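# What the coordinates show
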Amino acid sequence: MLSKPMQKALNEQIMHEINSAYLYLAMSMHSSSVGLQGFATWLRVQWQEELAHAMKLTEIVHDRGGRVALQAVEKPPAEFKSPQDIFHQVLAHEQKITALINRLYETALKEDDYATQVEVQWFIKEQIEEEKNATTILDQLTMAGESGASLMMLDRALAARAAH
Ligand code: FEO
């Protein structure tokens, strides 16, 4: 059985993951509207991945006899300045999520909840990947600079990201 503080912390993380999904969906919609279909695809897959993270957390709560209480999500921005702006925001957002996942793990430690510690370790590893992916794309955008041709090549490469 989950302790009350553990259940509360897991419910908060579900909200953060759905917030992430919603932010990336907004970024995907914006990218689509400016003709960057590859960026739109990549971000849409990321939207799905964030929803999968949220659902994984709901399963952890349910498997342990807890209750999921969904919370309000934030309204994401509708406009972004550029792909560089988007990926700066993606990286900053993932760094924030990493800190929240670490805090979730600290709660599991404090509650002597060994089962949740094991579950949260998956998310700790996942955050390494999440930050790495955002950093790689940001580096590529920096290399592309002002070159429209390089941006189009990167857009084409990102279109190859497939949904899991
Ligand atoms: Fe669910 Fe992007 O971390």
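Refer to the structure above for everything that follows.
These notes cover the structure that comes with them. These figures come from a predicted structure and were not determined experimentally. (Residues numbered from 1 in each chain as written. Predicted model: local features only at pLDDT ≥ 70, side-chain atom pairs only at ≥ 80, totals over all residues. Heavy atoms only, no water.)

### Quick word on the environment of Tyr114
Going by this rule: A run of H or I in DSSP becomes a helix once it reaches four residues, and a run of E becomes a strand once it reaches two; helices and strands are each numbered from the N terminus.
Among the secondary structure elements, Tyr114 is positioned in helix α4 (residues 114–144). Along the sequence, Tyr114 and Ser20 sit 94 residues apart, while their C-alpha atoms lie 27 Å from each other.

### Quick look at the packing of helix α2 (residues 37–63) against helix α5 (residues 148–158)
The relative placement of two packed helices is expressed as an angle between their axes plus a distance between the axes. For the record, the criterion: Axis geometry follows a simple rule: fit a line to the C-alpha atoms, using only the stretch in contact for helices, then measure angles between N-to-C directions, giving values from 0 to 180 degrees. Two helices cross in a left-handed way if the nearer one is turned anticlockwise from the farther one by less than a right angle. They cross in a right-handed way if the turn is clockwise. In what follows, a contact means two residues having at least one pair of non-hydrogen atoms within 4.5 Å. Throughout, the ten residues Ala, Val, Leu, Ile, Met, Phe, Trp, Tyr, Cys and Pro are labelled nonpolar, Asp, Glu, Lys and Arg are labelled charged, and all others, Gly among them, are labelled polar.
Across the interface, α2 lies against α5 with an axial gap of 7 Å and an inter-helix angle of 35°. Classified by chirality, the crossing of α5 by α2 is left-handed. Contact residues: Gln37, Gly38, Phe39 and Trp42 in α2; Leu151, Leu154, Asp155 and Leu158 in α5. Of the residues assigned to the contact of α2 with α5, the class counts are 5 nonpolar, 2 polar and 1 charged.

### Considering the nonpolar core
The condition that has to hold: To form a nonpolar core, buried Ala, Val, Leu, Ile, Met, Phe, Trp, Tyr and Cys residues must be joined to one another through side-chain atoms within 4.5 Å. Only protein chains enter the area calculation, which uses a 1.4 Å probe; residues under 20% of their type maximum are buried, those over 50% are exposed, and those in between are partly exposed.
The biggest cluster of nonpolar side chains holds 19 residues, and the ones touching the most others in it are Met27, Phe39, Leu43, Ile86, Phe87, Val90 and Ile137. Of all the secondary-structure elements, those providing two or more residues to this core are α1 (4–33), α2, α3 (83–110), α4 and α5. Those residues in contact with Met27, other than ones at most four positions away along the chain, are Leu43, Phe80, Ile86, Gln89 and Val90. Grouped together as the second largest cluster of nonpolar side chains are 17 residues, Leu2, Ala9, Leu104 and Ala108 included.

### As for the packing of aromatic side chains
In plain terms, the rule: A pair of aromatic rings is counted whenever rings of Phe, Tyr or Trp (Trp by its six-membered ring) have centres within 6.5 Å, and the orientation is called stacked for planes under 30 degrees apart, edge-to-face for over 60 and tilted otherwise. Only lysine NZ and arginine CZ atoms are considered, and such an atom sits over a ring when it is within 6 Å of the ring centre and within 35 degrees of the ring normal.
Taken as a whole and assessed by the stated rule, the structure comprises 3 aromatic pairs. A ring pair is formed by Trp42 and Phe87, whose centres lie 5.4 Å apart and whose planes are at 65°; its orientation type is edge-to-face. Of this pair, Trp42 sits in helix α2 while Phe87 is found in helix α3, placing the two residues 45 residues apart along the sequence. Of note, Lys56 hangs over the ring of Trp122, and the distance from its end group to the ring centre comes to 4.3 Å.

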